[in-house]
Structure formats: C-alpha cells, structure tokens
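Given next are the chains, with one letter for each unit.
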Amino acid sequence: MPHTLSDEFERLRLQVRHFVQEELEPISLAVETREQIPEPIVDRMRQMGLFGMPIPKAYGGLGLTTLQEVMIYEEITQTNGCYRSRIGTSNGIGSMGIVYDGTVAQKEFYLPRIACGEWSSAFALTEPNAGSDASNIATTAVLNGDHWVLNGNKIFITNADQARLFTTIAVTDEEKRARGGVTAFIVERGMPGFSVGAADVKMGLKGSHTHELIFKDCRVPAENVIGGMPMVGQGFKTAMRVLDKGRLCMAACALGAAQKIMTLCTQRMREKRQASTARKESQAAEFMLADMATQIFAARQMLYQAAQLRDDGKQITSEASMAKIFCTEMASRVADDALQIFEEEGLFTAHQIEILLRDVRLYRIYEGTSEIQRLIVSRGLLKS
Ligand SMILES: Cc1cc2nc3c(=O)[nH]c(=O)nc-3n(C[C@H](O)[C@H](O)[C@H](O)COP(=O)(O)OP(=O)(O)OC[C@H]3O[C@@H](n4cnc5c(N)ncnc54)[C@H](O)[C@@H]3O)c2cc1C
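Notes on the structure follow. (Residues numbered from 1 in each chain as written. Predicted model: local features only at pLDDT ≥ 70, side-chain atom pairs only at ≥ 80, totals over all residues. Heavy atoms only, no water.)

1. Some remarks on the side chain of Thr210
- Position of Thr210 among the secondary structure elements: in strand β7 (residues 210-221).
- Side-chain polar atoms of Thr210 contact the side chain of Asp200, separated by 2.6 Å.
- The residues contacting Thr210, other than those within four sequence positions of it, are Phe156, Ile157, Thr158, Ala198, Ala199, Asp200 and Lys202. (Helix = DSSP H or I, 4+ residues; strand = E, 2+ residues; numbered from the N terminus. Polar contact = N/O pair within 3.5 Å; in protein donor to acceptor, adjacent residues only side chain to side chain. Contact = heavy atoms within 4.5 Å.)

Structural data, given as structure tokens:
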C-alpha cells in the first residue's frame, strides 16, 4: 500500500506528537479529575489547526486525507482520550454532513468557523428509543411557513456543552422514515425551543461530556436543512455516510490508546527487569507484550488500508466496520492484559492504565456497537 505523505504532513504529525508528550500528557490526570480540558489547551489545538483537519483548505481547514487524519488521531489518543473527543467530534461527525451535502452558502458560512475552532459542532442522532436502530428515531420536524418545527429528545450527545452547531437528524415523513423521510438539520445553540440538559456521568472519557438535547417546538429556519430543500428526506443517507468515516476515526482512537498502553507496559517491564534477575518469572508478561505488538501491527495495517481505500474513492462501509470491530476490541484486550502486567498498581484509581482501560471500553459502543458493526459486515456479505 503506498504511503505517500508530504513533508508538510510529517511536520504536522511531529508537532502533534510533541504537543501530546509535552503539553497534554503532563496534565492528563488533572483533566481526568477535574473533568475539564483547560481553555488554553483548546486554544493551542485551535492554533495548530486541529479543529479543521478534514475540512477542505478552501474553507480554512487543513484538508487532510482520511489516511492522514487517522494518523493524527493515532497520535493524539496516546494520552487521555478526551482530547481527541473535543476536536474529533467537531470536525468529524458534527460537521461532515455539511462538508458532504451542505449547500455552497452553508459551507461558506459554517465551515470556516468550525475549522478555526471558533464554533464547535456536535452530531445529534441517538434517542432514548433509537440507538443501534437509528431508523427508529422519534424526533419530528414539520414545515411551517419559512421554519421547521422540531420536537423530541436526543441523548448521549458529545460536546453538547461546547457546541454552537448541532447536526440534528429528524423525521420529516412518518410513512417513508429512513427511506426518504428523514432529514438532517443545522440547529444552532440559542434557536427558540432548543435546550441542553444535564451532563451524563460516564465511566470514561471524563473530560469529554455527553448531554441530553431537548427540542420543544424548536424553530429552525427552512434554509437550515443540510443541502437545502432538495435534500429534504435524504438525511438518513447523510447520517450513515458521516458514520462510515467516523468509524475509521474511532478505530484510530483505539489504536492510539493501545499503542500508548503497550509503551507503558514495555517501560514497566524494562524497569522490572533491571531490578530483578528472575527473568523466567516474567515470561507470561513477555508473551502478553508480544501479543500486544502483534495485534497492534495487524490493526494498524487494517486501518490504514481502509483509510487508503476511502481516499481512493471506494465504498468502505464494510471495511470501516471491520476496522472498528478489530481495533476497538483489540484495545480492550490490550488494556486488560496491561492490568495483569501492572498488577495491583494498575488498579489504582486514576492510574494511567486504569484511565485508558475505562476510555477504550467506550469505543466499543459509540458510533455503532461491535454487534452492529458485525451485522453490517455480515449483511454486506450475504447481499453480495
Ligand atoms: C461516550 C459516548 C458518546 C456518544 N456520543 C454520541 C453523539 O455524539 N451523538 C449521538 O447521536 N450518539 C452518541 N452516542 C450514542 C451511541 O451512538 C449509542 O449509545 C450507540 O449507538 C448504542 O445505542 P444504545 O446505547 O441505545 O444501545 P442499544 O441500541 O439499545 O443497544 C443495546 C445493546 O443491544 C445490542 N443490539 C442492539 N441491536 C442489536 C441487533 N440488531 N443485533 C444484535 N445486537 C444488538 C447493542 O450492540 C448493545 O449491546 C454516544 C455514546 C457514548 C457511550
């Protein structure tokens, strides 16, 4: 597989690596306990262009390819996973609908604001009775003159406390639903009838928050349909396209975390080896380390290839699901073995391994659970 990466990209990758090591990692524990990323750190992310990675250069983004983007996520997740969530939700699922299907006016207005980090964006699909089965959403949108009126609730919405723009998926035709009756809207914070509920208390990704959204006769201008009137009814396709790519990014997050866990285990075992002559006793741990390296190597090849296929213009629905299953489940196995290697020390609350173990567990759930990814892969095979 050709990896043609420009010097410009390699400079960015190195810059991000240093940023992680020198600025993010040292405050990772404080971010975990305060459950908040300090604003000066978010400003540094803005300066580096990290809020606009996949957004085209014409709209102020970095215009990275999918392969380049997953490589940056792999770097930035070699520390607390919440940092990635802060940027990745905004320039990923939050705004990709506009990049793919937005009108020229929507792109010109929203994308430069998102790319520079002035506006954060979020993606609102999940509801109390519609998670895995997204076609079951109950939020409705009814056209009333020059406005749509939205009613319903969304849950688990990442970055809802930060976002100014919410890509919101609602039913516009009860009969057709996912087959031409679902529409994607741009809802802005402050629109009448829109509010953000309390934050969820999660087991991991503590510095990244999810909230409920409430739409109560929420009035959204007619021109805020993503793609304009011709795209009314086409929002399910937009959402699924957004998620295809999102799954590669989730796979990259799991890969980065697994790499970090393996690095910590390697350091730990080197230190132990220097302190002891009893080599045989550590053979079980050595085997675990070898298995980590093997799985990480395989996961990386799979993810890079899926990303490259997308950059080559191929349909990657199955490949994205396979990469998400493999990378996220691999990261959980790696984290579990790491706890064995670190013994009781790794069990301490707010130990690096303990934090990463909690973070990677969530990757198997959001942007489609492992079970749903398996259904996508098997249905693809049975259909063809
Ligand atoms: C940290 C985090 C951040 C999130 N951020 C967002 C966000 O920004 N925007 C957003 O819209 N959503 C977000 N979500 C929601 C997330 O996408 C959903 O939690 C996920 O899709 C699963 O839906 P659910 O929780 O309703 O579980 P359910 O769909 O109720 O599933 C419960 C269990 O049943 C299994 N299951 C369901 N259907 C099937 C089936 N047909 N066959 C086999 N097994 C099945 C599932 O795999 C799962 O194990 C987030 C979730 C988390 C945890």
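And the narrative resumes.
2. A few points about empty space enclosed by the protein
- Evaluation of the coordinates by the stated rule reveals one cavity of 30 Å³ or more.
- Taken as a whole, the largest cavity holds about 50 Å³ of empty space.
- Tyr73, Arg84, Gly88, Thr89, Gly92, Ile93, Gly246, Cys249 and Glu367 together form the lining of the largest cavity.
- Breaking the lining of the largest cavity down by element, the ones donating at least two residues are α5 (82-91) and α8 (235-275).
- Broken down by element, the lining of the largest cavity gets its largest block of residues, three residues, from α5.
- Split by residue class, the lining of the largest cavity holds three nonpolar, four polar and two charged.
- Among the domains, domain 1 (7-115) and domain 3 (237-383) are the pair contributing at least three residues each to the lining of the largest cavity. (1 Å grid on protein atoms, 1.4 Å probe; cavity = no way out; pocket = protein on both sides within 12 Å on 5 of 7 lines; lining within 4 Å. Points joined across faces, edges and corners; volume = space filled by probe spheres on them. Nonpolar A, V, L, I, M, F, W, Y, C, P; charged D, E, K, R; others polar. Domains from an automatic or database assignment.)

3. Some points on the packing of helix α1 (residues 7-24) against helix α4 (residues 66-76)
- Contact pair α1 / α4: the axes reach a minimum separation of 9 Å and the direction vectors enclose 20 degrees. Viewed along their axes, α1 and α4 adopt a mutual orientation that is roughly parallel. Relative to α4, the crossing made by α1 is right-handed. Here α1 contributes Phe9, Leu12, Arg13, Val16, Arg17, Val20 and Leu24 to the contact with α4, which in turn contributes Gln68, Met71, Ile72, Glu75 and Ile76.
- A class-by-class count of the residues in the contact of α1 with α4 yields eight nonpolar, one polar and three charged. (Axes fitted to C-alpha atoms, helices over the stretch in contact; angles between N-to-C directions. Parallel < 35°, antiparallel > 145°, perpendicular 65-115°, else oblique. Left-handed = near helix turned anticlockwise from the far one by under 90°.)

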